Each structure stands twice: as structure tokens, then as C-alpha cells.
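What follows is the residue order along each chain.
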Amino acid sequence: MSSACSNSSCTAIPSTITLRGLAGDVILVNVSYNPSVYQQFQQFYIRLRNCLPGEINNNESCECIYCKPETYSLTTNDSKCFECLTGAICAGGSTIIVKPGFYKSSDSSRGLRIVDCNDTHDNNSRCLGGMNNSCSEAFSGPACLQCNLENGYFMSLNTRTCVLCSDSNALIAMAILLLTASIAYQIMITIITYKENKRIHLRYQTHHCLNPIQFLVIFLAYTQVISVVANVDENTISLLLTATDVVGNPYTQIMFSLQCLYLLRIPDLFKGLQFQVLLHVFSPLIKISIVMLFEFLRNLIWKDPAGLGKQKSLVRIGAVTVVLILLQQPGIIGVLCKYLTCWQLDPFVNRHYIKAFNSIQCHTERYNLFKSTVVVPALTFWALLIPSGIFVILYKMRRKLFVSESLRIIFGNFYNSYDERSYHWGVVIIIFKITMYILNSVINISPMIKGVIFIMIVHSYYYLLKRRSPYTYRHLFLSEKYCCIAYMTILTIAFVRFSTYHSGIKYACSILIVITISIAGLYILLNVFWLFLLKFRGWVDKKKEKRKQNLVLLETLAKLKDYHNQNPSRIDNHHRRGAICVELPER
């Protein structure tokens, strides 16, 4: 066995000896040493152990076979060594090193499962891999998709990435600044809408006029719907989705700052989410209550000379209510739908998390309680009762909508762009957006089936649009038409992208989706730019005309002054003033 003996001591490496038997068997070992001078003999026992992970129990030969490099075994129940999977390095036995950009699933019931993190497969990946299955500093959890709360990172709805929250003083300052800016923006929009609807009513009595606000309303709806349609294949254009979501719902950055501030005080993610949902749902109602209180105090302090104070207050409250619905309803429905949207972080573990707040698990007791008591009733109110109530009012008042100034000021945003027969089209657009938002949250099947359902809804809306144009101007109709074509084109390209594994084709599809989104959006914005340019040109022409009139007036006054200086007395013998004749330059 060995000849490495010196001074009655031998070093033996029994690699060529295999002990066979069952686990727990005791084997007697005889060792003899026979030098030339004397003889040494010794006996001892060896108890056979169980096979360890990384070894295969061969019952026929009664031995444990160690898995070679490039193969692995995780349990002693395995009947063979498995080949190493993509994304892992198998050093032999049960030693597995995960490559950067991959994650080892916690599901060990079916052996080794490697999840592709779908980002850079290097040290810049959120999944660092290694023997400890590590994540980068900002991430943790299954597939490194959750934010590392211990390091102070939270999920931002704007960028859908983990963002480090600032200190409390900075958060307080930012929250105050953003809230002030948001309220000032809403007040400004309310005042502009009030005055614009009033002007539109006066112009409508004489002639119709195309307004850039009408195109901006279409553009806002476009960004809101496109963020849902393109979400069928979210990884394709995540940055563009972020941009459209910010335009369609600018309230999310305020919510992130307030959520960070709340979590610094109460480090409970679910309570932070409850706070955010409740703030979204009730903030318009709180603002309307404040406006009602202000109008009540105003009527107590100041009396309208015509005795119409209460009527004017009701009109102003109604205008504020409609503006808040238009501005905040998409965001409210969006956050409620995001609460209902759950997905698996680890595709091999049947555990679902809220997609937008993926550190919070779905279907738990408190998740279901908040869902049934707050989320579903709020979604019913904002997504069903509000549009239904607006439609009923418009239907009941349809004969007065275009002749009543009060109705135009309050509800004009819903029908200013449409002819008298299509007064309801603004509600149709709201229902279309709500349907897309809700289906995007409740449909958790394959993206292909979701895309088919979306394209059927868009086709139905497009059919109603083409059946009889609700718009009074052709360019408004073309803007809406190009938006629908963009929705259908994006979904069609997404289908092509789903059906191929070729990276070049996938990249080309992503570029085509971005181009499609840009073309429809640019057409709308060009119309807005052109109308503003015409308004600016009209303003310049008015300034020129006014300047010209001022110049004529100055020249006339100068000529009159010269005439008076040259003719100091123009009274005849009968005390009558003579006529004045002043020559002015030709123009």
C-alpha cells in the first residue's frame, strides 16, 4: 500500500482501496508492518458513513460515487450526477458557483434551478452570484428583484428601480416643495380651465375655434394608454414606459417622497403602501371639501351684488371637482390596479408579490383584508360610479350642454372637442382607459393572450371612432386615429418579438416600437406647436398693428401741434372755429 516508511512510521494514502457496504456497517481493518528487523501488527474498525450531498449512492456496488467537475448532485436521493446548467459553474460534488447575472432558485424540491436575471451578465448586474448567491447593494430577495430595505433602498414607481431614500430633512423639504408645486399646478389648471371654458362658450355662440388644449387632452390620454399597451412587453422599452408614466401620472414622485418619509418613521412596508393608497384615494375628496369650506366662508363674508353668490359657488366647486377627476382619476385607478397586480419573482417558487411593490407578498391575510375593505370599493367608486355619474348628468342635460354657460364651465372638458351628437365621447375615452388599466392588472396569464385581448379592445374603440367621427375638426380626428393605429402596431410588433428568440429581431422590434410611439406623439405635439405658433403670430400681428396705430396717433398729434403753433387763432369775426385740415404722410 505504501513504501514511505521511516523510523518505524509509515504514511499511507489508501486511494486505491475502496470499502464497500451499507451505511453503518463496521469493517475490521488489519494493518501489518514488516521491516527486516521486526514485525508489527495492528487492528482497528471503520464505520461506513452515509453518502453526502454531491455523492451518488450506488446500491449495486455499495459505494458512494463523487460527482466530477461539470456535474453536480444536491441530494443523496439522486440516482445520477446531473450536467451543470447555464449560468452556473459546477466544481464537483455539490459545489455550485453562480455566474454574475444569474440567480439560484430557492426551490430545491426539483434539483438545481438557475434564473436568468435578464440584465448585464457581469459584475454590474444586480445578481452577483457566487457561492452565496449574492445580490448587489440595492437589491435582495428572490432573483434579486426586491429592494434592500436594510441598506435604505425603496422601490420608486417612476423608474421602477430601487432608489436610496434621502435623510428625513431632505425628504420633508422635497415633500413640501412637490406638494406645493402640485397644488399650485392644479389651481392653475382649474383657473385656466374655468376661463377657457367660459371663452369657448362665448365663441361657440358665434363660431367654432380649434384650441391647442384639445390636442393636449388627446396627448395626455395617449400617454396613459400607451403605458399600459407597451407594458405587454415591459422589458422592451422600460425607459420610455417610465417617461410616459411620468407624463400620464406626475403624482408618483410626490408619493415616493411621502412614502420614504413615512417608512423612516414607521418601517413597515405594508403600512407604507396602505398610507400611499389612502392618500391617493382620498386626496381629491379632501381638496374638494376644502374648496367647499372656502366657498361657504366666502359667501358669509362677501355678498354677491346680483344675489347669485350660491350659484356661482356651485359652478366653481363643480369646475374644481371635474378638474381633479381628470387630473387624479388615472393615478388613483393606476395605484389601485397596481395593488391588484401580482407576479412571481422566482418562477420556480409559487409565491406572488405585488408587482409595483415587490417586497410585499400577495394573498396574505392583511393583504386580502385591505383589498376587500378599501381597494375594491375605491376602484368601484372611481372606475365605475364616477364615469357612470358623469354620463348620466351629460345625458340628462344633453339639450342644454352647448347653450348653458354653467354646464360648459363645469363639464366642458368632456365635450368641448366634439359635436353636439357626440357629447358622450369624453366618457367613452375615460371608460376605454379604465378598461385597459383594470385588465392590465387582473390578467395574469401569458403576455401573448393579454396582447390579444388588448388589441380586440383597441379594435372595438377604433371601430366606434371611425363609424362616425365625434370630432368637429379633422386634425383632432386624425390625432385620435393615429393613436389607435399606434396601439395596434405596438401590439403586433410585440407579437413578433414574442415569437422569436433571435436577439437581432428582438432588438429591431424594440426600435420599431419606440419609433411607432414617437410618430403618433410627435404628430399631436406638432399640431399643438402649430396652434401656439399661430397664436404667437396673431399676438405679434396685433402688437404690430397697435404699434402702427400708436405711430399714426403720435404723427397726428405732432401735425396738430404744428398746426396750432402756425395758426394760433382760428376764430372768425362771428366767434366761430374754422375747420382744420392736416396733411398726413401716405401709408
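From a predicted model like this one, the values you see are computed outputs, not experimental measurements. (Residues numbered from 1 in each chain as written. Predicted model: local features only at pLDDT ≥ 70, side-chain atom pairs only at ≥ 80, totals over all residues. Heavy atoms only, no water.)

Thoughts on the overall build of the protein chain
Then step 1. Looking only at helices and strands, the protein chain has 12 helices and 20 strands in total.
Then step 2. Residues counted as buried form 39% of the 587 residues belonging to the protein chain. (Helix = DSSP H or I, 4+ residues; strand = E, 2+ residues; numbered from the N terminus. Buried < 20%, exposed > 50% of the residue type's maximum accessible area, 1.4 Å probe, protein only.)

Focus on the packing of aromatic side chains
Then step 1. Here the structure, examined in full by the defined rule, presents 14 aromatic pairs.
Then step 2. Ring centres of Phe270 and Phe370 lie 6.2 Å apart, and the angle between their planes is 80°; this geometry places the pair in the edge-to-face category. Highlighted residues: Phe270 in helix H5 (residues 269-301) and Phe370 in helix H7 (residues 365-396), separated in sequence by 100 residues.
Then step 3. With a relative accessible area of 3%, Phe270 lands in the buried category.
Then step 4. Ring pairs connect the aromatic residues Tyr222, Trp425, Phe432, Tyr461 and Tyr487, which therefore count as one cluster.
Then step 5. One cation-aromatic arrangement involves Lys355 over Trp343; the distance from NZ or CZ to the ring centre is 5.5 Å.
Then step 6. Positioned above the aromatic ring of Tyr395 is the side chain of Arg398, whose terminal nitrogen or guanidinium carbon lies 4.1 Å from the ring centre. (Phe/Tyr/Trp six-rings, centres within 6.5 Å; stacked < 30°, edge-to-face > 60°. Lys NZ or Arg CZ within 6 Å of the ring centre and 35° of its normal.)

Quick look at a nonpolar patch on the surface
Then step 1. A grouping of Leu278, Phe282, Leu285, Ile286, Ile290, Phe381, Leu384 and Leu385 is seen on the molecular surface, where their side chains present a nonpolar patch of about 700 Å² in accessible area.
Then step 2. In terms of residue count, the dominant contributor to the nonpolar patch is H5 (five residues).
Then step 3. The class of Phe381 is partly exposed, set by a relative accessible area of 32%. (Patch = residues over 30% accessible without salt bridge, like charges linked within 9 Å, V, L, I, M, F, W, Y side chains within 5 Å. Areas by Shrake-Rupley, 256 points an atom, 1.4 Å probe, with all protein chains shown as cover. Salt bridge = Lys/Arg side-chain N within 4 Å of Asp/Glu carboxyl O.)

Description of the pattern of salt bridges
Two side chains that carry opposite charge are able to pair once their charged atoms sit near each other.
Then step 1. Taken as a whole and judged by the stated rule, the model has five salt bridges.
Then step 2. The shortest N-O distance in the salt bridge between Arg199 and Glu196 comes to 2.8 Å. A residue pair is termed a helical-turn pair when its members lie 3 or 4 positions apart in one helix, as Arg199 and Glu196 do in helix H1 (residues 168-204) at three residues.
Then step 3. The exposure class assigned to Glu196 is buried, which follows from its relative accessible area of 10%.
Then step 4. Two residues, Arg316 and Glu295, come together in a salt bridge whose shortest N-O distance is 2.9 Å. Here Glu295 lies in helix H5 and Arg316 lies in helix H6 (residues 309-340), a separation of 21 residues in the sequence.

Topic: the state of the cysteines
Each disulfide consists of a covalent bond between the sulfur atoms of two cysteine residues.
Then step 1. Applying the stated rule across the entire model yields six disulfides.
Then step 2. In this model Cys117 forms its disulfide with Cys127; the gap between the sulfur atoms is 1.9 Å. Residues Cys117 and Cys127 share a disulfide whose torsion about the S-S bond is about -100°; that sign makes it left-handed. Residue Cys117 is found in the loop between strand E12 (114-116) and strand E13 (127-129), and its partner Cys127 is found in strand E13; the two are separated by 10 residues along the sequence.
Then step 3. The cysteine Cys483 is free of any disulfide, with Cys484 supplying the nearest cysteine sulfur at 6.9 Å.
Then step 4. What makes Cys483 buried here is its relative accessible area of 1%.
Then step 5. A relative accessible area of 0% means that Cys484 is categorised as buried. (Disulfide = S-S within 2.5 Å.)

Things to note about the environment of Tyr507
Then step 1. Structurally, Tyr507 can be placed in helix H12 (residues 503-566).
Then step 2. Sequence separation between Tyr507 and Arg497 is 10 residues, and the spatial gap between their C-alpha atoms is 8.6 Å.

Section: the confidence of the model for the protein chain
A low pLDDT score tells you not to read the predicted coordinates there in detail.
Then step 1. Residue-level pLDDT values for the protein chain average 82, and 87% of them are 70 or greater.
Then step 2. Within the protein chain, the element-level pLDDT minimum falls on helix H3 (residues 238-248), averaging 46, and the maximum on H7, averaging 93.
Then step 3. Here residues 237-248 scores under 50 on pLDDT; set against residues more than four positions off or in separate chains, the count is 29 contacts. (pLDDT = per-residue confidence, 0-100. Contact = heavy atoms within 4.5 Å.)

Quick notes on the side chain of Asp419
Then step 1. Mapping Asp419 onto the fold places it in the loop between helix H8 (405-415) and helix H9 (425-442).
Then step 2. A relative accessible area of 18% places Asp419 in the buried class.
Then step 3. Among the polar contacts listed, one links the side chain of Asp419 to the backbone nitrogen of Arg421, at a separation of 3.1 Å.
Then step 4. Ignoring any residue separated from it by four or fewer positions in sequence, one finds Asp419 in contact with Phe402, Arg468, Ser469, Pro470 and Thr472. (Polar contact = N/O pair within 3.5 Å; in protein donor to acceptor, adjacent residues only side chain to side chain.)

A word on the nonpolar core
Where a protein is soluble and globular, its nonpolar side chains tend to be buried together.
Then step 1. Tyr222, Leu336, Tyr339, Leu394, Tyr415, Tyr471 and Tyr487 are the most contacted members of the largest nonpolar core, which has 87 residues in total.
Then step 2. Top element by residues in this core is helix H11 (residues 474-498). It accounts for 12 residues.
Then step 3. With residues up to four places along the chain from it excluded, the contact list for Tyr471 reads Ile218, Ser417, Tyr418, Trp425, Ile429, Leu465, Leu476, Phe477 and Glu480.
Then step 4. Counting residues in hydrophobic clusters, the runner-up holds nine residues, among them Val115, Cys127, Ala143 and Cys144. (Core = buried A, V, L, I, M, F, W, Y, C linked by side-chain atoms within 4.5 Å.)

Considerations on the packing of helix H10 (residues 447-467) against H11
Then step 1. At a minimum axis distance of 10 Å, the contact between H10 and H11 shows a crossing angle of 160°. By the angle between their axes, H10 is roughly antiparallel relative to H11. Of the two possible hands of crossing, H10 and H11 adopt the one that is left-handed. Residue-level contacts link Pro447, Met448, Gly451, Val452, Phe454, Ile455, Val458, His459, Tyr461, Tyr462 and Leu465 of H10 to Phe477, Glu480, Lys481, Cys484, Ile485, Tyr487, Met488, Leu491, Thr492, Phe495 and Phe498 of H11.
Then step 2. Split by residue class, the contact of H10 with H11 holds 17 nonpolar, three polar and two charged. (Axes fitted to C-alpha atoms, helices over the stretch in contact; angles between N-to-C directions. Parallel < 35°, antiparallel > 145°, perpendicular 65-115°, else oblique. Left-handed = near helix turned anticlockwise from the far one by under 90°. Nonpolar A, V, L, I, M, F, W, Y, C, P; charged D, E, K, R; others polar.)

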